[in-house]
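# Chain and residue survey
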Amino acid sequence: MSSTAIPANSATPAPIAPDREQRKLALQTWLADLNGHSLKLASIRTASADASFRQYYRIDTENGGSLIAVDAPPATENSAAFIKMANLLKSINLTVPEVLAHDLEQGFMLVTDMGTNTYGHILNSDNAHKLYLDAIDSLILLQAQSQAEVLPEYDRAFLLRELNIFKEWYIGKHLGVNLTEAQEATLNKVFDHLLASALAQPQVYVHRDYHSRNLMWMDKGNPGILDFQDAVYGPITYDLVSLLRDAYVQWDEEIVLDWAIRYWEKARRAGLPVAPDIDSFYRDFEWMGLQRHLKILGLFARLWHRDGKDKFLGDIPTVMEYVRKTSHRYKELIPLLRLLDELQDNAPQVGYTF
């Protein structure tokens, strides 16, 4: 999933979807004016699209390779942040697309092609351990280079804004429920617990979408890392929980715990300021995951109800399972579990109400 970082304010109008064909024609005109890349313009074809308004096109080159043209409408997408983060990640020897040409005013980029083998496409029980340890090693390398004031802060207002996406779009729009004052107070108290936990954690560079659809399997320098333009400076467990409690790929809890412990051990050896005992670290990990998963429920609901994108609705049960299991394990979070039961009972039994 790609976060669009649009404030969750019901007074904020939905962004207007760009005319895709007009933008594709403008992109092709821009590509035709580029020199030195030997593009076979007639070969342009859709490579992928994500939850934002970005579009990706693959173009063959005269030497038998291919490149990726990115259409990132400037009204909603931040190409400057992508370029900045690409340079930062490359400087610490992580594998990322190289930006070969760009036009920030139009929102176009030409970047190197990292192939089609996302983790999400190739993960299985035989290769998962190796692939996840590679991803953990790259994450630690990223975090070890962290410096304050380089990236935007993942502060309390930012984290709360994300939680309110759940309140507005999942509860209000998807379930069609208006919270009572008591229910609102219960939810806000849980939010306060999650925010306090996140803000008490050591702060590092955070990719924000470090998961199976944004990691590419590479022969050398595995993994390739994509979709990093929303990176921030925030809680140290955030990217690990994105990776291990993925909305699109679910693993048994004992396997997740094993990988989390391996990360914790490697991070300590690398000098990262993780919690000194594994129990405290895993609690931080779980509570951070709950904040993320509540946001994701809201985002998936918003993508359907506002943007007409229904392909994420099938992932809601996996995310809700994460939410319920974590809430069940901590006394401070049990009220959320009870509230979810109340809301589900009160929701109109029509449409998508997973």
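These remarks concern the structure in this document.

What follows is about the side chain of Lys167. Relative to the elements of secondary structure, Lys167 occurs in helix α5 (residues 156–174). Judged by relative accessible area, which is 17%, Lys167 ranks as buried. A polar contact of 3.1 Å, which involves the side chain of Lys167, links it to the side chain of Asn188. Each residue touching Lys167, except ones within four places of it in the same chain, is listed here: Gly172, Leu179, Glu184, Leu187, Asn188 and Phe191.

Let us look at the pairing of strand β2 (residues 55–60). Within β2, five of the six residues are buried, which leaves the element mostly enclosed by the surrounding structure. Bridging between β2 and strand β3 (residues 66–71) involves six bridges; their strand directions are antiparallel. From the neighbouring strand, Tyr57 faces β3, where its bridge partner is Ala69. The loop that links β2 with its antiparallel partner β3 comprises five residues; one of these, Gly64, has a positive phi angle of about 95°.

This part takes up the packing of helix α4 (residues 128–144) against helix α8 (residues 253–269). Taken N-terminus to C-terminus, the directions of α4 and α8 make an angle of 35°; their axes are 10 Å apart at the nearest point. In this structure, α4 meets α8 at a crossing whose hand is right-handed. Contacts between α4 and α8 involve Ala128, His129, Tyr132, Leu133, Ile136, Asp137, Leu139, Ile140 and Gln143 on the former and, on the latter, Asp258, Trp259, Arg262, Tyr263, Lys266 and Ala267. Here the contact of α4 with α8 is built from residues that sort into nine nonpolar, two polar and four charged.

This brings us to the packing of aromatic side chains. For the coordinates displayed, the defined rule picks out 16 aromatic pairs. When the ring of Tyr132 is compared with that of Trp251, the centres are 5.8 Å apart and the planes differ by 85°; the resulting orientation is edge-to-face. With Tyr132 in helix α4 and Trp251 in the loop between α7 (238–244) and α8, this pair connects stretches of sequence that are 119 residues apart. Accessibility classification places Tyr132 together with Trp251 in one group, the buried group. Between Tyr263 and Phe281 the ring centres are 5.7 Å apart and the planes differ by 20°, which places this aromatic pair in the stacked class. Linking Tyr263 in helix α8 with Phe281 in helix α9 (residues 278–305), this pair joins segments that are 18 residues apart in sequence. Taken as a pair, Tyr263 and Phe281 share a single burial class, namely buried.

Spacing of three or four residues puts side chains on the same side of an α-helix, whose turn is 3.6 residues. Over its 17 residues, α4 runs 24 Å from end to end, which matches the ideal 24 Å to within 8%, given 1.5 Å per residue. Taking burial as the measure, the 17 residues of α4 include 12 buried ones, the bulk of the element. The complete set of buried residues in α4 reads Ala128, Leu131, Tyr132, Leu133, Asp134, Ala135, Ile136, Ser138, Leu139, Ile140, Leu142 and Gln143.

Helix length check: helix α10 (residues 316–329), at 14 residues, gives a terminal C-alpha distance of 20 Å against a target of 20 Å (1.5 Å per residue), a fit within 8%. Every buried residue belonging to α10 is among Ile316, Thr318, Val319, Met320, Tyr322, Val323, Thr326 and Ser327, and all of these are buried.

Here we come to the side chain of Glu162. With respect to the secondary-structure elements, Glu162 resides in helix α5. Residue classification places Glu162 among the buried positions, given a relative accessible area of 4%. Here the side chain of Glu162 touches Lys295 through a polar contact of 3.4 Å, side chain to side chain. Setting aside anything within four residues of it in sequence, one finds Glu162 in contact with Tyr154, Arg208, Gln291 and Lys295.

Here the focus is the pattern of salt bridges. Evaluated as defined, the whole model comprises 21 salt bridges. Residue Asp192 pairs with Arg156 through a salt bridge whose shortest N-O separation is 3.0 Å. Remark: Arg156 occurs in helix α5 and Asp192 occurs in helix α6 (residues 181–200); sequence separation between them is 36 residues. Note on Arg156: relative accessible area 38%, which makes it partly exposed. Among the ionic contacts, a cluster of salt bridges with common partners joins Arg245, Glu253, Glu286, Glu321, Lys325 and Arg329.

Relative to the assigned elements, Pro202 resides in the loop between α6 and β6 (203–206). Accessibility expressed as a relative area gives 25% for Pro202, which makes it partly exposed. Note: C-alpha distance between Pro202 and Leu303 (101 residues apart in sequence) is 32 Å. In this structure, Pro202 is in contact with Gly234, Pro235, Ile236 and Pro273, ignoring residues within four places of it in sequence.

The next subject is unusual backbone geometry. Cis geometry marks the peptide bond from Asn222 to Pro223; its omega dihedral reads 0°. Phi is positive for Asn93, which is not a glycine, with a value near 65°. Along the polypeptide, Asn93 turns up in the loop between α2 (79–91) and β4 (99–103).

Rules used in this analysis
- Residues numbered from 1 in each chain as written.
- Predicted model: local features only at pLDDT ≥ 70, side-chain atom pairs only at ≥ 80, totals over all residues.
- Heavy atoms only, no water.
- Helix = DSSP H or I, 4+ residues; strand = E, 2+ residues; numbered from the N terminus.
- Buried < 20%, exposed > 50% of the residue type's maximum accessible area, 1.4 Å probe, protein only.
- Polar contact = N/O pair within 3.5 Å; in protein donor to acceptor, adjacent residues only side chain to side chain.
- Contact = heavy atoms within 4.5 Å.
- Pairing = 2+ DSSP bridges.
- Axes fitted to C-alpha atoms, helices over the stretch in contact; angles between N-to-C directions.
- Left-handed = near helix turned anticlockwise from the far one by under 90°.
- Nonpolar A, V, L, I, M, F, W, Y, C, P; charged D, E, K, R; others polar.
- Phe/Tyr/Trp six-rings, centres within 6.5 Å; stacked < 30°, edge-to-face > 60°.
- Expected span 1.5 Å × (residues − 1).
- Salt bridge = Lys/Arg side-chain N within 4 Å of Asp/Glu carboxyl O.

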